[in-house]
Amino acid sequence: MLINERIYNLLKDVEYNTFYVLKPDGIDLDTYITFDTTVKDEWFSNDGIEVSTYMVTINIITKNLEVMPVIIEQMKKIVNDDPNCCYFMNRGNTYIKDTREFFSACTFFMYVFPDEVTE
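Heads up: these notes are all about the structure in this document. (Residues numbered from 1 in each chain as written. Predicted model: local features only at pLDDT ≥ 70, side-chain atom pairs only at ≥ 80, totals over all residues. Heavy atoms only, no water.)

## Comments concerning helix H1 (residues 3–11)
One full turn of an α-helix is made of 3.6 residues, so residues set three or four places apart face in the same direction. Among all positions of H1, only Ile3, Asn4, Arg6, Ile7, Leu10 and Leu11 are buried. Seen along its axis, H1 keeps its buried residues to an arc of 160 degrees; they face one direction. (Buried < 20%, exposed > 50% of the residue type's maximum accessible area, 1.4 Å probe, protein only. Helix = DSSP H or I, 4+ residues; strand = E, 2+ residues; numbered from the N terminus. Arc of directions from axis to C-beta.)

## Examining the state of the cysteines
Inspection of every chain in the model, using the stated rule, returns zero disulfides. The closest cysteine sulfur to the non-disulfide-bonded Cys86 is located on Cys85, 7.5 Å from its own sulfur. Classification of Cys86 as buried rests on a relative accessible area of 17%. Here Cys106 stays free of any disulfide, with the sulfur of Cys85 as its closest cysteine sulfur at 14 Å. (Disulfide = S-S within 2.5 Å.)

## So, the environment of Lys63
Inspection of the secondary structure assignment puts Lys63 in the loop between strand E3 (48–62) and helix H2 (68–81). Other than its neighbours up to four places away in sequence, Lys63 contacts Asp30, Thr31, Thr99, Arg100, Glu101 and Phe102. (Contact = heavy atoms within 4.5 Å.)

## A look at unusual backbone geometry
Most peptide bonds are trans, and most residues other than glycine sit at a negative phi. A positive phi angle, close to 70 degrees, is found at Val21, a residue other than glycine. Turning to its location among the elements, Val21 is positioned in the loop between strand E1 (18–20) and strand E2 (31–45). Although it is not a glycine, Tyr87 adopts a positive phi angle of roughly 60 degrees. For Tyr87, the position within the fold is in strand E4 (residues 85–96). A residue is classified by how much of its surface remains accessible, and Tyr87, at 58% relative accessible area, is exposed.

This is how it looks when you write it as structure tokens:
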């Protein structure tokens, strides 16, 4: 399974559309989620990777500020309930004046064993 598929599966219970990196043009949504990943670290032993640590960045974009805390709490619970995820952190909220949208960035770490994911 690809790492992006794992994240989609992890976030499937959040009721808003989720996209990798950015929302495609032509899709009109008031609230949506984007995500990106970075391999932060890999643990080696016996000349092989034992586990990879991915830092996952989730961006919540909405025109309705009231849904922001609800989505963040849903994600926090989902991440904290997954045994391979940890350290969910809300990095802050901001208002984008040009698009009249609220933006929140959150991060967490996901531990992935080599036999669980393909690149």
